[in-house]
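Single-letter residue listing:
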Amino acid sequence: MKYQYLIIGFLPLLTACGSGAAEAPSNEATFTVSNTLDTPRKDALLMLDAATLQTKFSELDLTKVKFTSGESAIPFQVNDDNRDGVVETYALLLDFAASEEKTVQLVELAEGEKMPTFPKRTQAEISHKINGHWEGREYIDGEFQNVDHLNVPPEHTDHSWFIRYEGPGWESDLVGYRFYLDWRNATDIFGKKTPKMVLQDVGLDGFDSYHEPSDWGMDVLKVGSSLGIGALGTWQEDKALRVETTDSLSCTIVENGVVESKILTNYFGWQVGDAKTDVTSELSIHAGSRLTRHDLTLSNELANLCTGIVKHPEGKVIQGNHGGWAYLATWGAQSLAEDHLGMAVVYQITDAQQTTEDEHSHVVVLTPKDLHLTYYFMAAWEQEPNAMKTEEAFVKYLDGVVKELSSPLDVSL
């Protein structure tokens, strides 16, 4: 499958045994990773838990390592998600032939050897104005500055001109996304005509010129009052309620990496009827993938959460499943460029209560378990390089996604 999103939690390592097992050099450790499918996988993401690695390979200095397979370097990044100076995970990017098993070497760098570098294939950012001033709900003058963290000021609302393209953005080499960091809290799509990172150049004029075609691409989705693509909500009184009324918001760029990028948003005091809950939202994307993974944590129980896709007259609804995963998707001439756009949300079948719709969105209603929920969403635009241009190609891609999610990589030492 050319495009995929596959997160693998680090599995307990099995100790190699038997008289034929060759010992690795003292400055490296070896483990195997297997593709459990009879189809190739490209740009598969493998997440390794740093604490587990340190326990297993205590003789290695894991602050200075690289990963290889044979003579080939494996692209990876080191993640310190909570910024406490301690590495939490290593994110590796691997390609597999059908049913292939790879031997991976974890190698401590030699004296004076530098950490390897890799092309940047993901990005996450948030940018707001400084050196201006508020006049009511609008921010006047000033210039944009990228920041790692933002506590959203109480004056901020839609069209305040304070946050560049109105919220945080994230992208891979295939597609970009943003969501409105205000009462709308809906997710939008940046269609890309290039694999280069582009978001740093979007919206610098302070307005919404990104709705017009440019060399890099354009905003391709009209969100309106809908869930856009994959936005969070809850199903209340036969309609999707977005995260509209909150006490406060904050947003952090957790990772802005070559392999993976991640955004953490805290919604404090989300009002849902007579109830309130805090929501922690973590959005992540990895190189070679068009899927965003959305991990959610609640402070208080809700009967359901929901997500979905904006309704469009030209958007044909498509559903499918494999193993433990299913998708709700649309395909048709539904982009702002009036050409083909495919959109999907991908969810675990055991989480689903129902698929339904309201005036604005096609909706899947889900059950958070132990205050947690994970789902994915994605988009594919006709003007991308090597684009999917037909419904048949889009469905084939989606069937591959749920097949891969249902058959994770196998890791052992």
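Residues numbered from 1 in each chain as written. Predicted model: local features only at pLDDT ≥ 70, side-chain atom pairs only at ≥ 80, totals over all residues. Heavy atoms only, no water.

On a plain count of helices and strands, the protein comes out with 2 helices and 30 strands. For the protein, whose C-alpha radius of gyration is 22 Å, the value lies close to the compact-globule estimate of 22 Å for 413 residues. When burial is assessed residue by residue, the protein has 54% of its 413 residues classed as buried. A separation of at least 24 residues holds for 67% of the contacts in the protein among residues at least 6 apart in sequence. As displayed, the protein has an accessible area near 17,500 Å², and 49% of this comes from carbon and sulfur atoms. Both charge centroids of the protein, one from 32 positive and one from 63 negative side chains, sit 4 Å from each other. (Helix = DSSP H or I, 4+ residues; strand = E, 2+ residues; numbered from the N terminus. Rg over C-alpha atoms; globule rule 2.2 N^0.38 Å. Buried < 20%, exposed > 50% of the residue type's maximum accessible area, 1.4 Å probe, protein only. Contact = heavy atoms within 4.5 Å. Areas by Shrake-Rupley, 256 points an atom, 1.4 Å probe, with all protein chains shown as cover. Lys, Arg positive; Asp, Glu negative; His and termini not counted. Charge placed at Lys NZ, Arg CZ, Asp CG, Glu CD.)

Let us look at unusual backbone geometry. Within the chain, arginine 83 stands out as a residue other than glycine whose phi angle is a positive 55°. Relative to the elements of secondary structure, arginine 83 occurs in the loop between β5 (76-79) and β6 (89-96). Of the residues examined, arginine 83 reaches a relative accessible area of 44% and is grouped as partly exposed. Its identity as a non-glycine residue notwithstanding, tryptophan 161 has a phi of 65°, on the positive side.

Right, let's get into the pairing of strand β15 (residues 187-192). The buried fraction of β15 is high, at 6 of 6 residues. Taking every second residue as pointing to the same face, both faces of β15 are buried, with Thr187, Ile189 and Gly191 on one and Asp188, Phe190 and Lys192 on the other. In the sheet, strand β14 (residues 175-179) pairs with β15 via 5 bridges, with the strands oriented antiparallel. Counted as the bridge partner of arginine 178 is aspartate 188 from β15. Pairing analysis gives 3 bridges linking β15 to strand β16 (residues 217-219), with the strands arranged antiparallel. Residue pairing in the sheet places glycine 191 in a bridge with methionine 218 of β16. (Pairing = 2+ DSSP bridges.)

A word on the sheet that holds strand β7 (residues 101-108). Here 5 strands make up an open sheet; going across it, the order is β4-β3-β7-β1-β30 and the pairing antiparallel. Here the strands that pair on one side only, and so sit at the sheet edges, are β4 (72-73) and β30 (410-412). As paired strands, strand β3 (residues 65-69) and β7 are joined by 4 bridges and run antiparallel to one another. Paired with phenylalanine 67 across the strands is leucine 106, a residue of β7.

The subject of this paragraph is the sheet that holds β6. On the basis of which strands lie adjacent, the open sheet formed by 3 strands has the order β2-β6-β5 and antiparallel pairing. Of all strands in the sheet, those bounded by a partner on one side alone are β2 (41-49) and β5. When the angles between neighbouring strand axes are averaged without regard to direction, this sheet yields 25°. Where β5 and β6 come together, 4 bridges link them in antiparallel fashion. The residue of β6 that forms the bridge with asparagine 79 is threonine 89. (Axes fitted to C-alpha atoms, helices over the stretch in contact; angles between N-to-C directions.)

Okay, the pattern of salt bridges next. Oppositely charged side chains can pair when the atoms bearing their charge come close. Considering all chains together, one arrives at 22 salt bridges under this definition. A salt bridge links aspartate 95 to lysine 42; the nearest nitrogen and oxygen atoms lie 3.8 Å apart. Placement of aspartate 95 in strand β6 and of lysine 42 in strand β2 is noted, with a sequence separation of 53 residues between them. Note that lysine 66 and glutamate 113 form a salt bridge whose closest N and O atoms lie 2.8 Å from each other. With lysine 66 in strand β3 and glutamate 113 in the loop between β7 and β8 (122-130), this pair connects stretches of sequence that are 47 residues apart. For glutamate 113, a relative accessible area of 33% translates into the label partly exposed. Salt bridges sharing common partners tie together Asp43, Arg121 and Asp173. (Salt bridge = Lys/Arg side-chain N within 4 Å of Asp/Glu carboxyl O.)

All right, on to the packing of aromatic side chains then. Under the definition given, this model contains 14 aromatic pairs. Where tyrosine 139 meets phenylalanine 162, the ring centres are 5.2 Å apart and the plane angle is 55°; that geometry is what we call tilted. Separated by 23 residues along the polypeptide, tyrosine 139 in strand β10 (residues 138-140) and phenylalanine 162 in the loop between β12 (149-151) and β13 (169-172) bring together distant segments of the chain. Assessed through its relative accessible area of 8%, tyrosine 139 is described here as buried. Ring geometry for phenylalanine 190 and tyrosine 210: centres 5.8 Å apart, planes at 90°, overall edge-to-face. Placement of phenylalanine 190 in strand β15 and of tyrosine 210 in the loop between β15 and β16 is noted, with a sequence separation of 20 residues between them. Residues phenylalanine 190 and tyrosine 210 agree in their burial class; the two are buried. (Phe/Tyr/Trp six-rings, centres within 6.5 Å; stacked < 30°, edge-to-face > 60°.)

Okay, the confidence of the model for the protein next. Residue-level pLDDT values for the protein average 93, and 94% of them are 70 or greater. Residue range residues 1-21 is modelled with pLDDT below 50. Its contacts to residues more than four positions away, or to other chains, number 73 contacts. (pLDDT = per-residue confidence, 0-100.)

Attention now moves to the side chain of glutamate 28. Residue position: glutamate 28 is located in strand β1 (residues 28-34). The side chain of glutamate 28 sits in the buried core without any salt bridge; lysine 66 is the nearest counter-charge, 8.4 Å away. In this structure glutamate 28 touches Leu60, Gln105, Leu106 and Val107, once residues within four positions along its chain are discounted.

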